[in-house]
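Commentary on secondary and tertiary structure
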Amino acid sequence: QVQLVESGGGLVQAGGSLRLSCAASGSIFSPNTMGWYRQAPGKQRELVASINSAGSTNYADSVKGRFTISRDNAKNTVYLQMNSLKADDTAVYYCRVHRAWDLGYGYWGEGTQVTVSS
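Anyway, here's the lowdown on the structure attached to this text. These figures come from a predicted structure and were not determined experimentally.

1. As for the side chain of R38
Topologically, R38 is positioned in strand β4 (residues 32-39). Within the local environment of R38, its side chain forms a polar contact with the side chain of S62, the two groups lying 3.3 Å apart. Here D89 takes part through its side chain, which lies 2.9 Å from a polar atom of the side chain of R38. Apart from the residues lying within four places of it in its own chain, the contact partners of R38 are Q44, R45, E46, V48, S62, V63, F67, D88, D89, A91, V92 and Y93.

Structure follows, in structure tokens:
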């Protein structure tokens, strides 16, 4: 069992920045991939960014150059630095951890709301 707790969401003006964090606890398996997904009303949940145990990253095209994902293994925490925020970034952001090469074996956080005003 793994628990994921997100923080850092909130309201920000377009062009501003936010930093999300997700702290994992429990029986954390390794190797693993940690990442952030988001879901806006009426839209599919989509991958925003992910980072594996070796530090390799993957980003959605819509956030490349604006968002940066990182992790602190000592704290079992993954971060998402979001810069140059746009109204289209408004969504609930969810943290996820899963086994390397097995997308189906993992856990979700409860989500944190990010709202970008224009």
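2. Let's talk about the sheet that holds strand β8 (residues 77-82)
Strand order in the open sheet made by the four strands is β1-β3-β8-β7, with antiparallel pairing throughout. Each having just a single partner strand, β1 (2-7) and β7 (67-72) make up the two edges of the open sheet. Within the sheet, the average angular offset between the axes of one strand and its neighbour, ignoring direction, is 15°. Here six bridges tie strand β3 (residues 18-26) to β8, and the two strands are oriented antiparallel to one another. Considered in β8, the bridge of S21 is made with Y79.

3. Points about the nonpolar core
Formed by 28 residues in total, the largest nonpolar core has its most connected members in W36, L80, M82 and Y93. Put simply, the parts of the chain that give this core at least two residues each are β1, β3, β4, β5 (46-52), β7, β8, β9 (91-99) and β11 (112-117).

4. Remarks on the layout of surface pockets
Any space left empty among the atoms is revealed by the rolling of a water-sized probe across them. By volume, the largest pocket amounts to about 170 Å³. Lining of the largest pocket is provided by 13 residues; of these, R38, K43, E46, D88 and D89 occupy positions nearest its centre. Residue composition of the lining of the largest pocket, by class: two nonpolar, four polar and seven charged.

5. Comments concerning unusual backbone geometry
Backbone torsion omega between S30 and P31 reads 0°, so that peptide bond is classified as cis. Considering the arrangement of structural elements, one finds P31 in the loop between β3 and β4. Backbone geometry places N76, a non-glycine residue, at a positive phi of 50°. With respect to the helices, strands and loops of the structure, N76 is situated in the loop between β7 and β8. For S84, which is not glycine, the phi dihedral falls at a positive 50°. Along the chain, S84 turns up in the loop between β8 and β9.

The rules behind these values
Residues numbered from 1 in each chain as written. Predicted model: local features only at pLDDT ≥ 70, side-chain atom pairs only at ≥ 80, totals over all residues. Heavy atoms only, no water. Helix = DSSP H or I, 4+ residues; strand = E, 2+ residues; numbered from the N terminus. Polar contact = N/O pair within 3.5 Å; in protein donor to acceptor, adjacent residues only side chain to side chain. Contact = heavy atoms within 4.5 Å. Pairing = 2+ DSSP bridges. Axes fitted to C-alpha atoms, helices over the stretch in contact; angles between N-to-C directions. Core = buried A, V, L, I, M, F, W, Y, C linked by side-chain atoms within 4.5 Å. Buried < 20%, exposed > 50% of the residue type's maximum accessible area, 1.4 Å probe, protein only. 1 Å grid on protein atoms, 1.4 Å probe; cavity = no way out; pocket = protein on both sides within 12 Å on 5 of 7 lines; lining within 4 Å. Points joined across faces, edges and corners; volume = space filled by probe spheres on them. Nonpolar A, V, L, I, M, F, W, Y, C, P; charged D, E, K, R; others polar.

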